[in-house]
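The residues making up each chain are set out below.
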Amino acid sequence: MLYDALPDRHVRCNLCGRRCMINEGKSGLCLARVNEKGVLFTQSYARSCSASIDPIEKKPLFHFNPGARVFSVASPFCNFFCSFCDNWIISQQRRLTDTKELTPTSLVNAAQRLGCQGISYTYTEPTVFYEWAYDSAKLAHEKGLFNTFVTNGYLTPEAVKTISPYLDATTVDFKGGGDPVFYRDQMRVPQVEPIYECLMELKHCGIHLEITNLLVPKYGDSMTHLRDLAIWICENLGEETPFHLLRFFPNYELIDVPQTPVSTVEEARKIAIDAGLRYVYAGNIPDHPWENTYCPKCHELLIERHGFNIRKWAITSDKTCPKCRTKVAITGGHY
Ligand code: SF4
């Protein structure tokens, strides 16, 4: 899907912001897509390398169908090359061995059989298994399930628009506050502008959005970039957009960097709140008070969490604060 056939059997892939020009017999940068005689094929269709039931809070999606169970799937390959990837075994080794066939019909049937309310395309990067996600999402909607992407936000606007009738919620993951130098040096991503174009299209299509930002000590914990990102979200996506500030743990090639101090996450949260965002969370710090949702007006505790579990739910049935009656930005039901 979404490629241009060019003269001399060249193609241009328009799925992600890299927009690879691919010669005959070659693959795009993600290795998932191959030009065979001027036709662009995906190698990863229905090839599952990971499948699991997750609480929706793990995505993280805190304001979309809270408490729901989502059947989470992935295929190998990625269009980013993060030196600190949590899932590098499936995203960066980029091979189809250790996968199992999982057709859209089997995937949707499994999600229903396992009591999930939705499907999440996650763990690696759904952009590079777009066709499998598209067909599955379409079928899932027919069966009454919702669909969510967890993505690096490098989908092109046309890729967002094409899947938008079937995509209900998206978590877009930033790292290092969106610092272009961090993206270039630690993720081999030459420009960050496509992420903002993707976000604007997701917003335009009315898809529920939550944003994360990974704070990486030394390389990606600039509070200046964090502030700029929070202001951009506030001005362009809205002050009610949930923003999750994630603690980093050493992994893959970036093992000489310590975990993010809790105080750094707390400082970042204060900056994001001061920038105008109303729902800002501390992530990867179980039992921290900023895992909870508070009323943005009177600060009443509305949802108490422990990790990915909801311990207490105090929002009224018409989604307001029980104390001051301020509307709480929750999409969907509470499971
Ligand atoms: S999805 Fe893969 S082939 Fe297509 S533009 Fe992105 S990196 Fe290149």
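Preceding this section is the structure that the text describes.
This text gives an overview of the structure that appears in the document. Computed from a predicted structure; not experimentally measured.

### Digging into the overall build of the protein chain
Within the protein chain one finds eight helices and 18 strands. Its C-alpha radius of gyration of 20 Å places the protein chain within 12% of the 20 Å reference for a compact globule of 335 residues. Along the first, second and third principal axes, the C-alpha atoms of the protein chain reach 65 × 45 × 35 Å. For the protein chain, the residues scored as buried account for 55% of the 335 residues in total. Within the protein chain, residue pairs in contact and separated by at least 24 positions form 65% of the contacts whose partners lie at least 6 positions apart. Surface exposure of the protein chain reaches about 14000 Å², of which carbon and sulfur atoms provide 50%.

### A word on the state of the cysteines
One pass over the structure, following the stated rule, counts zero disulfides. Here cysteine 298 stays free of any disulfide, with the sulfur of cysteine 321 as its closest cysteine sulfur at 3.6 Å. Classification of cysteine 298 by relative accessible area gives partly exposed; the value is 24%.

### Concerning the side chain of glutamine 92
Positionally, glutamine 92 belongs in the loop between helix 1 (88-91) and strand 9 (100-101). A polar atom in the side chain of glutamine 92 sits 3.0 Å from the backbone oxygen of phenylalanine 80. Dropping the residues within four chain positions of it, glutamine 92 is found in contact with Cys78, Phe80, Phe81, Cys82 and Tyr252.

### Quick look at the site of the ligand
Every residue lining the ligand is accounted for by Cys13, Leu15, Cys16, Arg18, Arg19, Cys20, Gly28, Leu29, Cys30, Arg33 and Asn79. Put simply, the ligand lies in the largest cavity. Classifying every residue of the shell around the ligand gives six nonpolar, two polar and three charged.

### Looking at the sheet that holds strand 15 (residues 280-283)
Strand order in this open sheet of eight strands is 7-8-10-11-12-13-14-15, and the pairing throughout is mixed. At either end of the open sheet lies a strand with only one pairing partner, and these are strand 7 (50-55) and strand 15. Averaged over all neighbouring strand pairs, the angle between strand axes comes to 20°, with direction disregarded. The pairing of strand 12 (residues 169-175) with strand 13 (residues 208-215) spans seven bridges and is classified as parallel. Paired with phenylalanine 174 across the two strands is asparagine 213, which belongs to strand 13. With respect to the sheet, helix 3 (residues 130-142) is in contact with strand 8 (69-74), strand 10 (118-121) and strand 11 (146-151), its orientation differing from that of strand 11 by roughly 155°. Of the strands in this sheet, strand 13, strand 14 (243-247) and strand 15 touch helix 8 (residues 262-274), which is tilted by about 165° from strand 14.

### Section: the packing of aromatic side chains
Taken as a whole, this structure holds 13 aromatic pairs when the rule is applied. Judged by centre distance (5.0 Å) and plane angle (75°), the ring pair of phenylalanine 80 and tyrosine 154 falls under edge-to-face. Of this pair, phenylalanine 80 sits in the loop between strand 8 and helix 1 while tyrosine 154 sits in the loop between strand 11 and helix 4 (157-163), and the two are 74 residues apart along the sequence. Grouping residues by exposure puts phenylalanine 80 and tyrosine 154 together as buried. Ring pairing ties together the aromatic residues Phe80, Tyr154 and Tyr183, which thus form one cluster. Across from the ring centre of tryptophan 290, 3.4 Å away, lies the NZ or CZ of arginine 269, which sits over that ring. The cationic tip of arginine 305 hangs over the ring face of phenylalanine 62; the distance from NZ or CZ to the ring centre is 3.9 Å.

The rules behind the values
Residues numbered from 1 in each chain as written. Predicted model: local features only at pLDDT ≥ 70, side-chain atom pairs only at ≥ 80, totals over all residues. Heavy atoms only, no water. Helix = DSSP H or I, 4+ residues; strand = E, 2+ residues; numbered from the N terminus. Rg over C-alpha atoms; globule rule 2.2 N^0.38 Å. Buried < 20%, exposed > 50% of the residue type's maximum accessible area, 1.4 Å probe, protein only. Contact = heavy atoms within 4.5 Å. Areas by Shrake-Rupley, 256 points an atom, 1.4 Å probe, with all protein chains shown as cover. Disulfide = S-S within 2.5 Å. Polar contact = N/O pair within 3.5 Å; in protein donor to acceptor, adjacent residues only side chain to side chain. Near = heavy atom within 4 Å. 1 Å grid on protein atoms, 1.4 Å probe; cavity = no way out; pocket = protein on both sides within 12 Å on 5 of 7 lines; lining within 4 Å. Sits in = over half its atoms within 2 Å of the grid points. Nonpolar A, V, L, I, M, F, W, Y, C, P; charged D, E, K, R; others polar. Pairing = 2+ DSSP bridges. Axes fitted to C-alpha atoms, helices over the stretch in contact; angles between N-to-C directions. Phe/Tyr/Trp six-rings, centres within 6.5 Å; stacked < 30°, edge-to-face > 60°. Lys NZ or Arg CZ within 6 Å of the ring centre and 35° of its normal.

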